[in-house]
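# Summary of structural features
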There are 2 protein chains.
Amino acid sequence: MKTLKIPEATIMRLSVYSRYLTEVDRKGIITISSGDIAEGVGVSPAQVRKDLAYFGEFGIRGVGYNVKDLHKDILKILGLSAEWSVSLVGLGNLGLALSTYKGFKERGFIITSIFDKDPKKIGMVVDGVEVMPVEMIEEVVPKTKPQIGVITVPGAFAQEVADMLVKCGVSAILNFAPIVLNVPPEVELRNVDLSVNLEVLTFNVGGRI
Amino acid sequence: MKTLKIPEATIMRLSVYSRYLTEVDRKGIITISSGDIAEGVGVSPAQVRKDLAYFGEFGIRGVGYNVKDLHKDILKILGLSAEWSVSLVGLGNLGLALSTYKGFKERGFIITSIFDKDPKKIGMVVDGVEVMPVEMIEEVVPKTKPQIGVITVPGAFAQEVADMLVKCGVSAILNFAPIVLNVPPEVELRNVDLSVNLEVLTFNVGGRI
């Protein structure tokens, strides 16, 4: 399976297609066309075909795609056929929102440890996971071996937390703190800025006025 | 200014560049090269030049860009030279995280009304805004005239809330509920799925193994 030079936007759309296929599959639909997928998620049929073409031949011309097979293939491409262990650092409002977000578990992302520095939060149990002090990261993380670290601490502490997670063997970091983090090249880093979504929205609205 | 056929990924990167330019400007730096921007945000210099080229000529070859001018131009492109009034519906963990998110206000997104259906939350004041019952949307929204509605209610209520917001004249909706919403074509809709970011991460990690 080729995985080189795939645009990130394609990966994001594959993620959306897979969620749509879950819905379609639940309804008992067996085959689906690129046009149906396109309509369901709000992109063009050509875009759907182009996105899928990166990964080989899936459908049958004039028949469409087998829903279950396509779904399974996309999940495999996205690395979602396995479970991923996640460590979350920072149980503020956003950390709490993410740690109780059902969508993560459904997609195989299991939060196995949560850390915070607020004594009032330590010892709390969130969705079955006990909140531990950040000082314990270096003790706990090497044991639970999460592949992914999610950072939802204030910007001033984010680099320190990232360093600890990397030291403990975490290979991918999703950073919600509004700063540029430095991680070694072998660690996959993704920064999420929540206002980016509002900005795409205002750009699109602006273009219409 | 041409605003047609700009890839969404470009808009998202412009949003990231603008945030980086804020940092650079604070440090008192006057000019910057595409290489510097690229390094600062983690993309290639060619990508930076390509993204900016959609909107005209900004820099001077061999000299670079004037930080303040480029920043102002990008903010204008993104529709961020004005303030946007935002109505948030659903004050769960995510709603609370978003309504207290400093990044929104800094970028000109001002939350002017918050609605929830939980009697315990109604009357609470979040960052100066009083939480009102969802039944009051149709009374309050036409008065405060938010351009943007942010939906952070459970999936089962999201369509109903979207319908109310559209009826009250909201022209753009950012939807965090995990369902496909139907809105009239003149309303700009953007769906945010928080697990998409984890999936881009696992795809990238998978590609390296």
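Residues numbered from 1 in each chain as written. Chains lettered and ligands numbered in written order. Predicted model: local features only at pLDDT ≥ 70, side-chain atom pairs only at ≥ 80, totals over all residues. Heavy atoms only, no water.

### Some thoughts on the packing of aromatic side chains
All names here are of chain B. Using the following cut-off: Each Phe, Tyr or Trp ring, with Trp reduced to its six-membered ring, pairs with another whose centre is within 6.5 Å; inter-plane angles below 30 degrees give stacked pairs, above 60 give edge-to-face pairs, and intermediate values give tilted ones. Buried, partly exposed and exposed residues are distinguished by accessible area as a fraction of the type maximum, computed with a 1.4 Å probe on protein chains only: under 20%, between the cut-offs, and over 50%, respectively.
All told, the structure shown has four aromatic pairs over all chains when counted by the stated rule. Their ring planes at 80° and their centres at 4.9 Å tell us that Tyr101 and Phe104 sit as a pair that is edge-to-face. Phe104 sits in the buried class, given a relative accessible area of 4%. Seen from their ring centres, Phe104 and Phe109 are 6.4 Å apart, and the 75° between their planes marks the pair as edge-to-face.

### Let's talk about the domain arrangement of chain A
Defined as follows: The domain limits used here are those given by an automatic or database domain assignment.
Here the domain parsing of chain A yields domain 1 (8-76) and domain 2 (84-195). On a C-alpha basis, the centres of domain 1 of chain A and domain 2 of chain A stand 31 Å from each other.

### Digging into the relation of the copies chain B and chain A
Filter applied, for reference: When the copies are overlaid, the least-squares fit takes in C-alpha atoms only where the residue has pLDDT of at least 70 in both copies.
Take chain B, turn it by 180°, move it 0.0 Å along the axis, and it overlays chain A with an RMSD of 0.1 Å. Taken together, the rotation angle and the small translation identify this as a two-fold axis.

### Observations concerning the side chain of Ser18 of chain A
All names here are of chain A. Heads up, the rule is: Helix and strand assignments follow DSSP, with helices taken as H or I runs no shorter than four residues and strands as E runs no shorter than two, numbered in order from the N terminus. Counted as a polar contact is a pair of N or O atoms within 3.5 Å, where, for protein atoms, one must be capable of donating a hydrogen and the other of accepting one, and residues adjacent in sequence contribute only when both atoms are in side chains. Every residue pair with non-hydrogen atoms within 4.5 Å of one another is taken to be in contact.
One can find Ser18 in helix α1 (residues 8-26). A polar contact of 2.9 Å, which involves the side chain of Ser18, links it to the backbone oxygen of Ser15. Non-local contacts of Ser18, meaning those with residues more than four positions away in its chain, are made with His71, Ile74, Leu75, Leu78 and Arg107.

### As for the interface of chain B and chain A
Put simply, the rule reads: Buried area: the accessible surface (1.4 Å probe) lost by two parts on joining, summed over both. Take a side-chain nitrogen of Lys or Arg and a carboxyl oxygen of Asp or Glu: if they are within 4 Å of each other, that pair is a salt bridge.
In this assembly, 56 residues from chain B lie in contact with 56 residues from chain A. Buried area between chain B and chain A, summed over both chains or domains, comes out near 5100 Å², and the portion from carbon and sulfur atoms is 68%. Of all residues in chain B, the largest losses of buried area upon contact with chain A belong to Leu198, Glu199 and Phe203 of chain B, amounting jointly to 14% of the total for that side. At the junction of chain B and chain A, the tally comes to four salt bridges. One salt bridge in this structure joins Glu199 of chain B and Arg19 of chain A, with 3.3 Å as the shortest N-O distance. Here chain B and chain A share 13 residue pairs in polar contact (both at pLDDT 80 or more) between them. Of all elements in the fold, only α1 (8-26), α5 (93-99), α6 (102-106), β7 (148-151), β8 (172-175), β9 (188-191) and α9 (194-208) of chain B reach the threshold of two or more residues within the side of chain B that touches chain A. Looking at which element gives the most residues to the side of chain B that touches chain A, the answer is α9 of chain B, with 14 residues.

### Let's talk about the pattern of salt bridges
If you walk through the whole model with that rule in mind, you get 12 salt bridges over all chains. With a shortest N-O distance of 3.0 Å, Asp25 of chain A and Lys68 of chain A are connected by a salt bridge. Here Lys68 of chain A lies in helix α4 (residues 67-77) and Asp25 of chain A lies in helix α1, a separation of 43 residues in the sequence. The exposure class assigned to Asp25 of chain A is partly exposed, which follows from its relative accessible area of 23%. Each member of the salt-bridge network shares a partner with another, and the members are Arg19 and Arg107 of chain A together with Glu199 of chain B.

### Points about the nonpolar core
Let me state the cut-off plainly: Within this scheme, the nonpolar core is defined by two criteria: the residues are buried Ala, Val, Leu, Ile, Met, Phe, Trp, Tyr or Cys, and they are joined through side-chain atoms within 4.5 Å.
Ranked by internal contacts, the top residues of the largest apolar core, which has 96 residues, are Leu14, Ile148 and Val150 of chain A together with Leu14, Ile148 and Val150 of chain B. Residues contacting Val150 of chain B, with those up to four places away along its chain left out, are Leu198 of chain A together with Val86, Ser87, Leu88, Val89, Leu98, Leu174 and Phe176 of chain B.

### What about the packing of α1 of chain B against helix α4 (residues 67-77) of chain B?
All names here are of chain B. To keep things clear, this is the line we draw: For every element, the axis is a line fit to its C-alpha atoms; helices are fit only across the contacting stretch, and the angle between N-to-C directions ranges from 0 to 180 degrees. Helix crossings fall into two classes, left-handed where the near helix is turned counterclockwise from the far one by less than a right angle and right-handed where it is turned clockwise. Each residue gets one label: Ala, Val, Leu, Ile, Met, Phe, Trp, Tyr, Cys and Pro are nonpolar, Asp, Glu, Lys and Arg are charged, and the others, such as Gly, are polar.
At their nearest, the axes of α1 and α4 sit 9 Å apart, and the two run at 145° to each other. The interaxial crossing formed by α1 with α4 has left-handed handedness. Residue-level inspection shows Leu14, Tyr17, Ser18, Leu21, Thr22, Val24 and Asp25 of α1 in contact with α4, the latter providing Val67, Lys68, Leu70, His71, Ile74, Leu75 and Ile77. Residues belonging to the contact of α1 with α4 are distributed by class as follows: nine nonpolar, three polar and two charged.

### Looking at the pairing of strand β3 (residues 84-89) of chain B
All names here are of chain B. Put simply, the test is: Two strands pair under a simple rule: DSSP has to find at least two bridges between them.
Within β3, six of the six residues are buried, which leaves it mostly tucked inside the rest of the structure. With four bridges joining them, β3 and β7 adopt parallel strand pairing. Directly across from Ser87, in β7, lies its bridge partner Gly149.

### Quick word on the pairing of strand β4 (residues 109-116) of chain B
One face of the sheet, then the other: side chains in a regular strand alternate in exactly this way. All names here are of chain B. Taken across its eight residues, β4 has six buried, putting it largely inside the fold. The pairing of β3 with β4 spans six bridges and is classified as parallel. Across the sheet, Ser87 pairs through a bridge with Ser113, a residue of β4. With three bridges connecting them, β4 and strand β6 (residues 129-133) associate as parallel partners. The residue of β6 that forms the bridge with Ile114 is Val131.

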